[in-house]
Amino acid sequence: MVQAPRFQLSFLHPKHWPLWLGLGFLWLLLWLPYPALMKLGEGLGLLLMKALKSRVKVTRRNLELCFPDMPAAERELLVRQNFKETGKAAFETFMGWWWPDWRARPLCHFKGLEHIRAIQDEGKGVFLLSGHFLCLEMIARTFGFHCPAVGFYRPNDNPIMEYFQYHGRLRSNRALIGKRDVRALIQALNDKEVCFYLPDQDYGRNKAEFVPFFAVKETATTTGTLLFAGSANCKTVAIHSYRLPGYQGYQVEVLPAFDNFPSGDNKSDVTRINHWLEQGIIAHPSQYMWLHRRFKTRPNPEDPSLY
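Residues numbered from 1 in each chain as written. Predicted model: local features only at pLDDT ≥ 70, side-chain atom pairs only at ≥ 80, totals over all residues. Heavy atoms only, no water.

Chemist: For the environment of Y242, give the residues involved together with the corresponding values.
Modeler: As for its position among the elements, Y242 is in strand β8 (residues 234-243). Note: C-alpha distance between Y242 and D265 (23 residues apart in sequence) is 31 Å. Not counting the four nearest positions on each side in its chain, Y242 is found in contact with C135, G249, Y250, Q251, H284 and Q287. (Helix = DSSP H or I, 4+ residues; strand = E, 2+ residues; numbered from the N terminus. Contact = heavy atoms within 4.5 Å.)

So, in structure tokens, the structure goes:
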């Protein structure tokens, strides 16, 4: 488990004052009504679209690769909507870390929690798969109200932000594990914990299979999922999560546990994971984190970059 960061007097050095001013202003903004924050998030997203040109190109290219038959005008509209949703996520990050329970709890709606309860009743850990959907911070916060979980994460490089990230994510959850601490995650699963894991980014050629993801027939897909699922006394379940229309909050659907997983056929198993992810994305394509270079690792090192 990651050791809890402590507040340091060095955080108050004048060089950090601009960050503190920004965080203080954001703390005040977060007292605005939820619909107002989401509107501000849309505006922030449009500003980010103008400022982060390289990420706009990555987003556009990912959508071209995944949905080659989509009309260009429709795809461009999706790029714009995706950045508006990304702006909302910036506010939701701090909502998840800082909001009191009475504000966060009513916004999240859950289906399928009985699938987790059934695994726990068997005396097993729950290996919980989620994709990089943009409302993830709020989902993780409110998930802990029902099933306090263990997160597998990358510590923030900025010590002040890491302090807030760590303690914010544990407002309603159990513990955090650094992304390289494989043994700790397996131990947590053996200890019957609910453990979040996100298998949907390009983690490189090592421990990966090249399988279809939408129209990209050879997408580097981690087999780390299979390592954890097969090494611990656990069952694997996946969730779909998304923002509801009309500022109603968030919906989380826990799916039934995967049967015969892992099966021993790595390609088949990670293809199954990608299929689950595709289903969630198709339902709400603007709410996925498209700005990541998902297809940067090619089947052969000499293959030209898709970007």
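Chemist: Give a description of the layout of surface pockets that names residues and reports values.
Modeler: Of the volumes computed, that of the largest pocket is approximately 2,000 Å³. Lining the largest pocket are 45 residues; nearest its centre among them are H132, Y153, R154, L198 and Q201. Where the lining of the largest pocket is concerned, the elements lending two or more residues are α4 (72-98), α7 (136-146), β3 (149-153), α8 (159-169), β4 (175-178), β5 (194-197) and α10 (224-231). Looking at which element gives the most residues to the lining of the largest pocket, the answer is α4, with six residues. Class assignment of the residues belonging to the lining of the largest pocket gives a composition of 26 nonpolar, 12 polar and seven charged. (1 Å grid on protein atoms, 1.4 Å probe; cavity = no way out; pocket = protein on both sides within 12 Å on 5 of 7 lines; lining within 4 Å. Points joined across faces, edges and corners; volume = space filled by probe spheres on them. Nonpolar A, V, L, I, M, F, W, Y, C, P; charged D, E, K, R; others polar.)

Chemist: I'd love a proper account of the sheet that holds β4, names of residues and values included.
Modeler: If you walk across this open sheet you meet the seven strands as β1-β9-β8-β2-β5-β3-β4, and the pairing is mixed. At either end of the open sheet lies a strand with only one pairing partner, and these are β1 (108-111) and β4. On average, each strand axis in the sheet is tilted by 25° relative to the strand beside it, whichever way the strands run. Sheet topology note: the β1/strand β9 (residues 250-254) ladder contains four bridges and is parallel. Counted as the bridge partner of F110 is V252 from β9. Its contacts with the sheet put helix α6 (residues 113-121) on β1, β2 (125-129), β5, β8 and β9, and the angle it makes with β2 is roughly 150°. (Pairing = 2+ DSSP bridges. Axes fitted to C-alpha atoms, helices over the stretch in contact; angles between N-to-C directions.)

Chemist: An account of empty space enclosed by the protein is needed here, citing residue identities and associated values.
Modeler: In the structure shown here, the tally under the stated rule is three cavities of 30 Å³ or more. Taken together, the residues of the lining of the largest cavity break down into four nonpolar, four polar and two charged.

Chemist: Give me the lowdown on the pattern of salt bridges, citing residues and values where you can.
Modeler: Taken as a whole, this structure holds 13 salt bridges when the rule is applied. Between K84 and E42 there is a salt bridge, and its shortest N-O distance comes to 4.0 Å. Separated by 42 residues along the polypeptide, K84 in helix α4 and E42 in helix α2 (residues 34-51) bring together distant segments of the chain. Considered together, K84 and E42 belong to a single accessibility category, that of buried residues. Note that E122 and K235 form a salt bridge whose closest N and O atoms lie 3.1 Å from each other. Of this pair, E122 sits in the loop between α6 and β2 while K235 sits in strand β8, placing them 113 residues apart in sequence. (Salt bridge = Lys/Arg side-chain N within 4 Å of Asp/Glu carboxyl O. Buried < 20%, exposed > 50% of the residue type's maximum accessible area, 1.4 Å probe, protein only.)

Chemist: Describe in detail the environment of P262, supporting the description with residues and values.
Modeler: Within the secondary structure, P262 is located in the loop between β9 and α11 (266-283). The spacing of P262 and A229 is 33 residues in sequence and 6.6 Å in space, taken between C-alpha atoms. Apart from the residues within four sequence positions on either side, P262 is in contact with L226, A229, G230 and D269.

Chemist: Go over the packing of α2 against α4 with me, naming the residues and quoting the values.
Modeler: It is at 7 Å that the axes of α2 and α4 come closest, and there the two elements cross at 125°. Classified by the interaxial angle, the pair formed by α2 and α4 is oblique. Relative to α4, the crossing made by α2 is right-handed. Note on element contacts: α4 touches α2 through E76, V79, R80, F83, K84, G87, K88, A90, F91, E92 and M95, opposite Y34, L37, M38, L40, G41, E42, L44, G45, L46, L48 and M49. The residue makeup of the contact of α2 with α4, split by class, is 13 nonpolar, three polar and six charged. (Parallel < 35°, antiparallel > 145°, perpendicular 65-115°, else oblique. Left-handed = near helix turned anticlockwise from the far one by under 90°.)

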